[in-house]
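# Structural description and commentary
Here is what each chain is made of, one letter per residue.
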Amino acid sequence: MENIIKIYDNKIGISFCWKDTSNTLVQIIFRDTGFHLTENQIEEFSEKVLDSKSQKNCANCPKADNCKSILLQTPSEKVSMAVSQIELGQIDDLLKGTLFQMRMNNYLDDLCKN
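Worth saying up front: this structure is predicted, and the values here are computed from it rather than measured. (Residues numbered from 1 in each chain as written. Predicted model: local features only at pLDDT ≥ 70, side-chain atom pairs only at ≥ 80, totals over all residues. Heavy atoms only, no water.)

### Points about helix α1 (residues 39-52)
Helical geometry note: an α-helix holds 3.6 residues per turn, so side chains three or four residues apart project in the same direction. Applied cut-off: Think of it this way: any DSSP run of H or I at least four residues long counts as a helix, any run of E at least two long counts as a strand, and we number them from the N terminus. Expected helix span is given by 1.5 Å per residue-to-residue step, counting one fewer step than there are residues. For the exposure calls, accessible area comes from a 1.4 Å probe over protein chains only, and a residue counts as buried if that area is under 20% of its type's maximum, exposed if over 50%, partly exposed in between. Read the arc as the range of directions from the helix axis to the C-beta atoms. Whether two residues are in contact is decided by their heavy atoms, any of which lying within 4.5 Å being enough.
An ideal rise of 1.5 Å per residue puts 20 Å on 14 residues; α1 measures up with 20 Å between its terminal C-alpha atoms. When α1 is considered as a whole, its buried residues turn out to be I42, F45, S46, V49 and S52. Each buried residue of α1 sits inside an arc of 115° when the element is viewed along its axis, so together they form one side. In α1, the exposed positions angled more than 90 degrees off the buried face are occupied by N40, E47, L50 and D51. Where the residues of α1 are buried, they touch β3 (26-30), β4 (33-37), β5 (70-73) and α2 (85-113).

Below you can see the structure in the form of structure tokens.
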């Protein structure tokens, strides 16, 4: 963890940047999956999460909110994920928290330059 700058974390995952790189991509990891995304791609992913929230489980699903019946599109057109309502909420929090913290850090950096 010494080589990263943590941006945000929650129960499902973490977002961070690598310290010793000129790369501007953010690493977002949840479950067993990692994404390298730009700020715009994180925004796009967040919108896809919002779209997925309209999907519902089967009426009599015994797993209820833990059923992985929601298809979540990712910023990559070739990758979709099956998630539960609970995971979808946690992914939403991870993406929104990451965006908030990135923007707050950028604002403070700009403010301190003056």
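After that view, the rundown keeps rolling.
### Observations concerning the pairing of β3
The side chains of a regular strand alternate between both faces of the sheet. We count it as follows: Between any two strands, pairing holds if DSSP finds at least two bridges.
Counting buried residues along β3, four of its five residues qualify, which places the element largely inside the surrounding structure. Pairing of strand β2 (residues 13-18) with β3 involves four bridges; the strand directions are antiparallel. Its bridge partner lying in β3, G13 is registered against F30. Judged from the five bridges that link them, β3 and β4 form a sheet pairing that is antiparallel.

### Observations regarding the sheet that holds strand β1 (residues 4-9)
Sheet strands pair by backbone hydrogen bonding; their relative direction is either parallel or antiparallel. Filter applied, for reference: Every axis corresponds to a line fitted to the C-alpha atoms, with the helix fit spanning only the stretch in contact, and the corresponding angles, defined between N-to-C directions, vary from 0 to 180 degrees.
Spatial strand order, β1-β2-β3-β4: four strands in an open sheet with antiparallel pairing. Looking at strand neighbours, the two that pair on one side only are β1 and β4, the edges of this open sheet. Pairs of neighbouring strands in the sheet enclose a mean axial angle of 25°, with direction left out of account. Contacts from α1 reach β3 and β4 within the one sheet, and its direction differs from that of β4 by about 125°.

### Brief notes about the nonpolar core
For soluble globular proteins, the rule of thumb is that nonpolar side chains tend to be buried together. What counts, and what does not: Throughout this description, the term nonpolar core refers to a set of buried Ala, Val, Leu, Ile, Met, Phe, Trp, Tyr and Cys residues connected via side-chain atoms within 4.5 Å.
Grouped together as the largest cluster of nonpolar side chains are 20 residues, with contacts concentrated most on I28, F30, I42, F45 and I91. The set of elements that each furnish at least two residues to this core consists of β3, β4, α1, β5, β6 (80-83) and α2. Broken down by element, the residue count for this core peaks at six residues, all from α2. In contact with I42, not counting residues within four places along its chain, are V26, I28, L37, L95, T98, L99 and M102.

### Quick notes on the environment of D93
Secondary-structure assignment places D93 in helix α2. Separated by 43 residues in the primary sequence, D93 and L50 have C-alpha atoms spaced 11 Å apart. Other than its neighbours up to four places away in sequence, D93 contacts Y8 and N10.

### Side note on unusual backbone geometry
Unlike most non-glycine residues, R31 shows phi in positive territory, near 55°. On the secondary structure map, R31 appears in the loop between β3 and β4.

### Quick notes on the pattern of salt bridges
The line we're drawing: Salt bridges, as used here, are contacts in which a Lys or Arg side-chain nitrogen is within 4 Å of a carboxyl oxygen on Asp or Glu.
This model, assessed by the stated rule, comprises eight salt bridges. Between E44 and K48 there is a salt bridge, with its nearest N and O atoms 3.9 Å apart. Residue E44 and its partner K48 are both found in helix α1; the two are separated by four residues, about one turn of the helix. Residue classification places K48 among the partly exposed positions, given a relative accessible area of 23%.

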